[in-house]
Amino acid sequence: MPEKTLYIARHAKSSWDDMSLSDFERPLNKRGKRDAPFMAALLKDKGIKPDLILSSPARRAKTTAKYYHEALGGELRFDERIYEASAMSLLYLIQEAFEKVDTLMLVGHNPGLTALNNMLSNKSIYNIPTAGVVGIIFKEEVALHKGKQLFFEYPKKYQQ
């Protein structure tokens, strides 16, 4: 099996201003609109080029994924199975995607994304914050605890 790289990206900060909107429809707030392009530029500077960006179709995730797609390229697809998915469900989606690509970015939601990192990576994370991104490489199989964490980036690391 060729080496596989997974980028786990949590959507940027969303707005709770309009309580008439469903959770699925919530947009990014001011901070989210600042952090998503910042993280996209940071990842571009790292030379990250996903073959595929697979995103939840929830509005906040979709918007975040579009920033990444614009900066990093690759194919962009939305998959409703990501919204509210468990870590195990996400693993199945990742394995399915890795049948066709070697580098995948998954844009979605907590708690599933943090649990996914902790299930796959050699380094546990308490919480992937909004706009946080974890890079994991798999040299053998894409399976439980087989990944090596390459980085864990999030906006507050860079803000004073």
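Structure: above.
Because the structure is a prediction, the values reported are computed rather than measured.

Student: Can you help me understand the overall build of the protein in this one?
Tutor: A count of helical and extended segments in the protein gives four helices and six strands. Listing the helices and strands of the protein from first to last along the sequence gives β-α-β-α-β-α-β-α-β-β. With the C-alpha coordinates of the protein rotated into their principal frame, the extents come out at 45 × 30 × 30 Å. Counting the 160 residues in the protein, one finds 51% classified as buried. In the protein, once contacts between residues fewer than 6 apart in sequence are set aside, the share between residues at least 24 apart is 67%. For the protein, the accessible surface area stands at approximately 8200 Å², while carbon and sulfur atoms represent 49% of it. Charged side chains of the protein number 24 positive and 19 negative; the gap between the two group centres comes to 6 Å.

Student: I tried to follow the environment of Asn 118 on my own but got confused; where do I start?
Tutor: By secondary structure assignment, the location of Asn 118 is in helix α4 (residues 112-120). Filtering out sequence-adjacent residues up to four positions away, Asn 118 remains in contact with Lys 123, Ser 124, Ile 125 and His 145. One polar contact links Asn 118 to Asn 117, side chain to side chain, over a distance of 3.0 Å.

Student: Just to check I follow, could you spell out the packing of aromatic side chains for this structure?
Tutor: For any pair of aromatic rings, the description rests on two quantities: the centre-to-centre distance and the angle between the ring planes. Throughout the structure, instances matching the rule amount to four aromatic pairs. Measuring from ring centre to ring centre gives 6.0 Å for Tyr 7 and Phe 151, while their planes differ by 25 degrees; the resulting arrangement is stacked. Remark: Phe 151 occurs in strand β6 (residues 147-153) and Tyr 7 occurs in strand β1 (residues 4-10); sequence separation between them is 144 residues. Pair check on accessibility: Tyr 7 and Phe 151 agree, each one buried. Between Phe 152 and Tyr 154 the ring centres are 5.0 Å apart and the planes differ by 50 degrees, which places this aromatic pair in the tilted class. Across from the ring centre of Phe 151, 4.6 Å away, lies the NZ or CZ of Lys 46, which sits over that ring.

Student: Looking at this structure, how should I read unusual backbone geometry?
Tutor: With the exception of glycine, most residues fall at negative phi, and the peptide bonds are largely trans. Of note, the bond from Asn 110 into Pro 111 is cis; its omega dihedral lies within 30 degrees of zero at 5 degrees. In this structure, Pro 111 sits in the loop between β4 (103-108) and α4. In this model, Glu 84 sits at a positive phi of 60 degrees, which is unusual for a non-glycine residue. Turning to its location among the elements, Glu 84 is positioned in the loop between β3 (75-78) and α3 (87-97).

Student: Just checking my understanding: could you explain the pairing of β4 for this structure?
Tutor: Regular strands show a simple pattern: their side chains alternate between the two faces of the sheet. Of all six residues that make up β4, six are buried, and the element is covered over most of its length. As paired strands, β1 and β4 are joined by six bridges and run parallel to one another. Within the sheet, the bridge partner assigned to Arg 10 lies in β4 and is Gly 108. As defined by bridge partners, strand β2 (residues 52-55) adjoins β4 across four bridges and the pair is classed as parallel. Residue Ser 55 lies in a different strand from β4, and its bridge partner there is Val 107.

About the cut-offs
- Residues numbered from 1 in each chain as written.
- Predicted model: local features only at pLDDT ≥ 70, side-chain atom pairs only at ≥ 80, totals over all residues.
- Heavy atoms only, no water.
- Helix = DSSP H or I, 4+ residues; strand = E, 2+ residues; numbered from the N terminus.
- Buried < 20%, exposed > 50% of the residue type's maximum accessible area, 1.4 Å probe, protein only.
- Contact = heavy atoms within 4.5 Å.
- Areas by Shrake-Rupley, 256 points an atom, 1.4 Å probe, with all protein chains shown as cover.
- Lys, Arg positive; Asp, Glu negative; His and termini not counted.
- Charge placed at Lys NZ, Arg CZ, Asp CG, Glu CD.
- Polar contact = N/O pair within 3.5 Å; in protein donor to acceptor, adjacent residues only side chain to side chain.
- Phe/Tyr/Trp six-rings, centres within 6.5 Å; stacked < 30°, edge-to-face > 60°.
- Lys NZ or Arg CZ within 6 Å of the ring centre and 35° of its normal.
- Pairing = 2+ DSSP bridges.

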